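Overview (structure and organization)
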Amino acid sequence: MSSDKRDNELASKAQNNDKHIVIVPLDKEAIKRKAEEIATWKNSYDTFLWLFAEAENRLADAYVTALDGTSPNVQVDARKVIDAPPREATESLAKAIYSRRPRLSEIHWFLAERRYIYEKIKKA
């Protein structure tokens, strides 16, 4: 069974008592491939920052467990995922992230991670 298929099954089947809580296994290799793909995009630093902020805002209120790099998975309340976060919220978060001056490679990784989680939730 392929890793993607296994992860999709786990994401869709592995749920707590609440049927809306989705457990997304974090496949570091798949996220790395996605980050490498994102790194080939011809966007400016500011655009990547905006995309990361937007991706984070889609999931920010939906995290049940922290996305802190210490767990092999993350739990997300699928009902709280926002497909189109408000522009103001994205702008505010983008400014906050910019103030920390993350390296472009970090932005690629974090954007890839959020997109990976979002895609798994949408497939669940």
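An account of the accompanying structure is given in this report.

Calculation rules
Residues numbered from 1 in each chain as written. Predicted model: local features only at pLDDT ≥ 70, side-chain atom pairs only at ≥ 80, totals over all residues. Heavy atoms only, no water. Helix = DSSP H or I, 4+ residues; strand = E, 2+ residues; numbered from the N terminus. Buried < 20%, exposed > 50% of the residue type's maximum accessible area, 1.4 Å probe, protein only. Contact = heavy atoms within 4.5 Å. Areas by Shrake-Rupley, 256 points an atom, 1.4 Å probe, with all protein chains shown as cover. Salt bridge = Lys/Arg side-chain N within 4 Å of Asp/Glu carboxyl O. Axes fitted to C-alpha atoms, helices over the stretch in contact; angles between N-to-C directions. Parallel < 35°, antiparallel > 145°, perpendicular 65-115°, else oblique. Left-handed = near helix turned anticlockwise from the far one by under 90°. Expected span 1.5 Å × (residues − 1). Polar contact = N/O pair within 3.5 Å; in protein donor to acceptor, adjacent residues only side chain to side chain.

A short note on the overall build of the protein chain
Along the protein chain, the regular secondary structure elements total five helices and two strands. Buried positions account for 39% of the 124 residues belonging to the protein chain. Considering only intrachain contacts with a sequence separation of at least 6, the fraction spanning at least 24 residues in the protein chain is 77%. In the structure as shown, the protein chain presents an accessible area of about 7,200 Å², 50% of it carried by carbon and sulfur atoms.

As for the side chain of Lys34
Mapped onto the elements of the fold, Lys34 is located in helix 2 (residues 28-39). Those residues in contact with Lys34 that lie beyond four places of it in its chain are Ala112, Arg115, Tyr116 and Glu119.

With respect to the pattern of salt bridges
On inspection of all chains with the given rule, the structure shows eight salt bridges. A salt bridge links Glu119 to Lys34, with the nearest nitrogen and oxygen atoms 3.0 Å apart. Of this pair, Glu119 sits in helix 5 (residues 104-123) while Lys34 sits in helix 2, and the two are 85 residues apart along the sequence. Judged by its relative accessible area of 18%, Lys34 is buried. Among the salt bridges present, the one from Arg114 reaches Glu56, with a minimum N-O distance of 2.6 Å. Here Arg114, found in helix 5, pairs with Glu56, found in helix 3 (residues 45-59); they are 58 residues apart in sequence, far enough to count as distant. Assessed through its relative accessible area of 9%, Arg114 is described here as buried. Through salt bridges with shared partners, a single network forms among Glu56, Glu113 and Arg114.

A short note on the packing of helix 3 against helix 4 (residues 87-99)
Following both chains from N to C, one finds helix 3 and helix 4 inclined at 120 degrees, their axes separated by 8 Å at the closest point. In this view, helix 3 runs oblique relative to helix 4, as classed from their interaxial angle. Our pair here, helix 3 against helix 4, has a crossing hand that is right-handed. Here Tyr45, Asp46, Leu49, Trp50, Phe52, Ala53, Glu54, Glu56 and Asn57 of helix 3 come into contact with helix 4, specifically with Arg87, Ala89, Thr90, Glu91, Leu93, Ala94, Ile97 and Tyr98.

So, unusual backbone geometry
For Arg101, which is not glycine, the phi dihedral falls at a positive 50 degrees. Here Arg101 is to be found in the loop between helix 4 and helix 5.

Digging into helix 3
Given a rise of 1.5 Å per residue, 15 residues ought to cover 21 Å, and the 22 Å separating the end C-alpha atoms of helix 3 matches this to within 8%. Inspection of helix 3 places Phe48, Leu49, Leu51, Phe52, Ala53, Ala55, Glu56, Asn57, Arg58 and Leu59 among the buried residues, and these make up the whole buried set. Here the buried face of helix 3 lies against helix 2, helix 4 and helix 5.

So, the side chain of Glu113
By the secondary structure assignment, Glu113 is in helix 5. Since its relative accessible area comes to 5%, Glu113 is described here as buried. At a separation of 2.8 Å, a polar atom in the side chain of Glu113 contacts the side chain of Arg114. Not counting residues up to four positions away in its chain, the partners in contact with Glu113 are Lys28, Ile31 and Leu67.

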